[in-house]
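Spelled out from the first residue to the last, the chains are:
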Amino acid sequence: MTSAPDLRELAGRTIDARTDPEQAAAASARFLAQAHLDERPEIEDVPDTSVQLHRGILRGGTWYRTAEVRELTGADEEALAAAGSSWPRILDTLLLRGVCAVGPEPVTRALADELILGDRDQLVLAVRRVSFGDAISYERVRCPHCDELSDVTVPLDEIPVVRLDDPDVEEFPVPLRHGRTAYLRLPNGADQRAVLALKDASTAAQNTLMIGRCLLRLEGPDGKMSGSAQLARDLPMADRHTIVAHLAQIQPGPRYLELTFTHEVCGGEVPLPIGIGDLFR
Ligand SMILES: [Zn+2]
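Residues numbered from 1 in each chain as written. Predicted model: local features only at pLDDT ≥ 70, side-chain atom pairs only at ≥ 80, totals over all residues. Heavy atoms only, no water.

**A word on the coordination of the zinc ion**
The reference angle at a metal is 109.5 degrees if four donors form a tetrahedron and 90 or 180 degrees if six donors form an octahedron. Protein coordination of the zinc ion is provided by Cys 143 (SG), Cys 146 (SG), His 263 (ND1) and Cys 266 (SG), with donor distances spanning 2.0 to 2.4 Å. In the primary structure, the donors to the zinc ion are separated according to the pattern C-x2-C-x116-H-x2-C. Residue Cys 143 is located in the loop between β5 (135–142) and β6 (149–155), and its partner Cys 266 is located in the loop between β13 (260–262) and β14 (269–271); the two are separated by 123 residues in the primary sequence. Accessibility expressed as a relative area gives 1% for Cys 143, which makes it buried. Note on Cys 266: relative accessible area 34%, which makes it partly exposed. (Donors = N, O, S within 2.8 Å, 3.2 Å for Na, K, Ca; no water. Helix = DSSP H or I, 4+ residues; strand = E, 2+ residues; numbered from the N terminus. Buried < 20%, exposed > 50% of the residue type's maximum accessible area, 1.4 Å probe, protein only.)

**As for the pattern of salt bridges**
Side chains bearing opposite charge may pair, as long as their charged atoms lie close to each other. The full count for this structure, using the stated rule, is 15 salt bridges. Where Arg 65 meets Asp 168, a salt bridge forms, and the shortest distance between an N and an O atom there is 2.7 Å. Remark: Asp 168 occurs in the loop between β7 (161–162) and β8 (172–175) and Arg 65 occurs in strand β2 (residues 62–69); sequence separation between them is 103 residues. With its nearest N and O atoms 2.5 Å apart, the salt bridge here joins Asp 134 to Arg 129. A network of salt bridges, in which partner residues are shared, links Arg 59, Glu 105 and Glu 114. (Salt bridge = Lys/Arg side-chain N within 4 Å of Asp/Glu carboxyl O.)

**Things to note about the pairing of strand β9 (residues 181–184)**
A two-sided burial pattern is seen for β9, the buried positions comprising Thr 181 and Tyr 183 on one face and Ala 182 and Leu 184 on the other. Looking at chain direction, β8 and β9 are connected through four bridges and run antiparallel. Its bridge partner being in β9, Phe 172 is matched across the sheet by Leu 184. Here β8 folds back onto β9, and the loop between the two strands holds five residues, one of which, His 178, carries a positive phi near 60 degrees. Both β9 and strand β10 (residues 215–219) contribute to a ladder of four bridges, which runs antiparallel. Counted as the bridge partner of Thr 181 is Glu 219 from β10. (Pairing = 2+ DSSP bridges.)

Rendered as structure tokens:
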């Protein structure tokens, strides 16, 4: 039996943390305990505070894809501490406080909800970069090839980034069984919040909600269209798995879980998946 794709892939470690509360709490505690705000180098380049988004926002027929972020301060650190170990609140706090504007529009909760997950992840990465610099360090990483421990510093630029072929395209077709085609839209902040709000829900229930929100319509082999709220639950399991995998695959943005480094001693490629807790520790 193949295992169901799950929503962890959709939002990187953001949802992963939600499904593993213990790990989330630990990461959060680490993140709050280790304030690096006073460890900046004395001389530093003026960081670039503008960031290019993958999708952006559409206003009056124009796409705006440049956002402004700013360096986090002590006040932000306090706000993050107040968010406790709640992953959605930590994400919200980072976006609402660390992002100044998208295009001409100041950031608000509604705007953050409207942004696709890939843009949100890109913004969180930019806030991290402008606040703590362009590299991430780990101590005592075990190489799976030669079993040696080493301290590693990896530039954030090495996190693989997936880009949209055409940033204006809003519908993504995916072929299903029996000659049907699903048309999907990219999950956004509001979708993510809705899924995260399903406390103690099974992966299947999370998938039903996400599919229900992002499935625009189904096209039959005869070209006939259908679409209803019930559709997500009525779909064959195999089609649901195809759709969830596709939603994860088409989402642009940084692939935090796909970061690797080359171990100099043995030449092996070592996976170094990172979560939001790691970015802000
Ligand atoms: Zn090695």
